[in-house]
Amino acid sequence: MSVDLHTHSNVSDGTETPAEVVAAAALAGLEGLALTDHDTTKGWAEATIAARQHGIILLPGMEITTLTENGISAHLLSYLHDPLHPGLSSAVSEARDGRLHRARRIADRLSVDFPLTWETVQEHVSAGATVGRPHLADALVGIGAVADRQEAFDHLLHAGSPYYVSQENMHPTTAIRLVREAGGVPILAHGMASARGRTVSQAQLEEMAEAGLAGVEVRHRDNPESGRRILEKFAARHGLLMTGSSDYHGTGKANLIGENTTDWETVEALCAQATGTAPVRP
Ligand code: AMP
Ligand code: FE
Ligand code: FE
Ligand code: ZN
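Source: prediction; values computed, not measured.

Reading guide: rules and limits
Residues numbered from 1 in each chain as written. Chains lettered and ligands numbered in written order. Predicted model: local features only at pLDDT ≥ 70, side-chain atom pairs only at ≥ 80, totals over all residues. Heavy atoms only, no water. Domains from an automatic or database assignment. Contact = heavy atoms within 4.5 Å. Salt bridge = Lys/Arg side-chain N within 4 Å of Asp/Glu carboxyl O. Polar contact = N/O pair within 3.5 Å; in protein donor to acceptor, adjacent residues only side chain to side chain. Nonpolar A, V, L, I, M, F, W, Y, C, P; charged D, E, K, R; others polar. Helix = DSSP H or I, 4+ residues; strand = E, 2+ residues; numbered from the N terminus. Buried < 20%, exposed > 50% of the residue type's maximum accessible area, 1.4 Å probe, protein only. Near = heavy atom within 4 Å. Areas by Shrake-Rupley, 256 points an atom, 1.4 Å probe, with all protein chains shown as cover. Donors = N, O, S within 2.8 Å, 3.2 Å for Na, K, Ca; no water. Tetrahedral: all angles 85-135°; square planar, octahedral: opposite > 155°, others 65-115°. Arc of directions from axis to C-beta. Axes fitted to C-alpha atoms, helices over the stretch in contact; angles between N-to-C directions. Parallel < 35°, antiparallel > 145°, perpendicular 65-115°, else oblique. Left-handed = near helix turned anticlockwise from the far one by under 90°.

1. A few points about the domain arrangement of the protein chain
Domain annotation of the protein chain identifies domain 1 (2-85 + 171-273) and domain 2 (93-157). For domain 1 versus domain 2, the separation of C-alpha centres amounts to 24 Å. At the interface, 11 residues of domain 1 touch 11 residues of domain 2. Our count for the contact surface shared by domain 1 and domain 2 stands at 1 salt bridge. In this structure, the connection of domain 1 to domain 2 is made through 9 residue pairs in polar contact (both at pLDDT 80 or more). Residue composition of the side of domain 1 that touches domain 2, grouped by class: 1 nonpolar, 7 polar and 3 charged.

2. Remarks on unusual backbone geometry
Here Leu80, not a glycine, exhibits a phi torsion of approximately 60°, which is positive. Along the polypeptide, Leu80 turns up in the loop between strand 4 (73-79) and helix 3 (86-113). Of note, the phi angle at His190 is positive, near 25°, even though the residue is not glycine. Mapping His190 onto the fold places it in the loop between strand 5 (185-189) and helix 8 (202-211). Given the relative accessible area of 6%, His190 is considered buried.

3. A look at the site of ligand 1
Inspection of the region around ligand 1 gives 13 residues, with His38, Arg99, Arg102, Arg133 and His249 positioned closest. Arg99 places a side-chain nitrogen or oxygen 3.1 Å from an oxygen atom of ligand 1. Contacts to ligand 1 include Gln150, whose side-chain N or O atom sits 3.2 Å from a nitrogen atom. The fraction of the free accessible surface of ligand 1 (500 Å²) that becomes covered by protein chains is 86%.

4. Examining the coordination of the iron ion (ligand 3)
When four donors bind a metal tetrahedrally, each ideal donor-metal-donor angle is 109.5 degrees, and when six bind octahedrally, the ideal angles are 90 or 180 degrees. Coordination sphere of the iron ion (ligand 3), protein contribution only: Glu63 (OE), His75 (ND1) and His190 (NE2), at 2.0 to 2.2 Å. Sequence positions of the residues that donate to the iron ion (ligand 3) give the spacing E-x11-H-x114-H. Between the iron ion (ligand 3) and the iron ion (ligand 2) the interatomic distance comes to 5.6 Å. On the criterion of sequence distance, the pair formed by Glu63 in strand 3 (residues 57-67) and His75 in strand 4 is long-range, its members being 12 residues apart. Its relative accessible area of 14% is what places His75 among the buried residues.

5. A short note on the coordination of the zinc ion (ligand 4)
Distances from the zinc ion (ligand 4) to its protein donors, His6 (NE2), His8 (NE2), Glu63 (OE) and Asp247 (OD), fall within 2.0 to 2.3 Å. Relative to the metal, the 4 donor atoms surrounding the zinc ion (ligand 4) lie at angles of 78 to 174°, and the coordination shape comes out irregular. Donor residues for the zinc ion (ligand 4), ordered by position in the chain, follow H-x1-H-x54-E-x183-D. A separation of 4.5 Å is found between the zinc ion (ligand 4) and the iron ion (ligand 2). Taken together, the positions of His8 in the loop between strand 1 (2-7) and helix 1 (18-27) and Asp247 in the loop between strand 7 (241-244) and strand 8 (262-263) put the pair 239 residues apart, joining distant regions of the chain. His8 sits in the buried class, given a relative accessible area of 0%. Its relative accessible area of 1% is what places Asp247 among the buried residues.

6. Re the side chain of Arg99
Here Arg99 lies in helix 3. Classification of Arg99 as buried rests on a relative accessible area of 10%. Here the side chain of Arg99 touches Asp39 through a polar contact of 2.8 Å, side chain to side chain. If sequence neighbours within four positions are ignored, Arg99 has contacts with His38, Asp39, Thr65, Thr130, Val131, Gly132 and Gln167.

7. Considerations on helix 1
Where helix 1 is concerned, the buried positions are Pro18, Val21, Val22, Ala24 and Ala25. Along the axis of helix 1, the buried residues cluster in a sector spanning 155°; they form a single face. Trailing helix 1 by a residue or two, Gly29 shows a phi angle of about 85°, which is positive.

8. Some remarks on the packing of helix 3 against helix 5 (residues 133-142)
Here helix 3 crosses helix 5 at 30°, and the two axes come no closer than 10 Å. Classified by the angle between their axes, helix 3 and helix 5 sit roughly parallel to one another. The way helix 3 lies across helix 5 gives a crossing that is right-handed. Every residue of helix 5 that contacts helix 3 at Arg102, Ala103, Ile106, Ala107 and Leu110 is listed here: Arg133, Leu136 and Leu140. Of the residues contributing to the contact of helix 3 with helix 5, the split by class is 6 nonpolar, no polar and 2 charged.

Here's what the structure looks like:
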């Protein structure tokens, strides 16, 4: 039994609907998946219906963007939390507002050099979806400025670009505590993805464990071998879960659904820690 614990739909920056992501997981022969859109649970209802239709297990989830005190971006996966928990839902609602504001500022900067308007960017965002740089990338592809999302990130949207605008986010320990309060299970996503930027220190990992981190995503294409060893040692020391997943974004990224997976025993141990929402079982 294998489960892909990290996927995105067009409720955030994936290119497929939640039902299409579930169908893709079933087609790939997976027994289950987690839908983990950025800062939103909007896709849960549609994914739940699709999971029942396809007879596969669904862990409703979410990916929260956090920022350490020294400016390192850390992504936190939350599984099976209560989507109506006031503290967590207002924190991610605030994060979505911040993303909108930031995307407009990046669009403004780009519009100085490219024929890009905020209206054209919005055409690439599904109604009510969490906005992110991938949507700006799609708009840049749309006007022919770049060939694909990858090229947009490589040349115009990366953190060192003159068009880049940073965003204030919750501290990882704040997010971990909120997820636990909401009955969810917090797992650090691609924690050693060094190609994306600086990664968290050993002391920061320890601090996250202290705050209630449940596990780390080890097998992810952005974690190099050396980073995986660090995460494995950290997890072993604290008795934390170790997961593997694809971070599928439809056609928005090369990542293939099911390219990394998590074994059933680990998924059951994860579910056993959750009190916010039950997994959808066929
Ligand atoms: P944001 O959340 O607005 O900071 O944008 C970050 C998101 O962009 C990540 O969640 C990735 O899904 C996506 N992303 C980052 N790098 C790339 C890339 N090279 N190609 C496609 N998508 C990317
Ligand atoms: Fe993404
Ligand atoms: Fe991420
Ligand atoms: Zn992700």
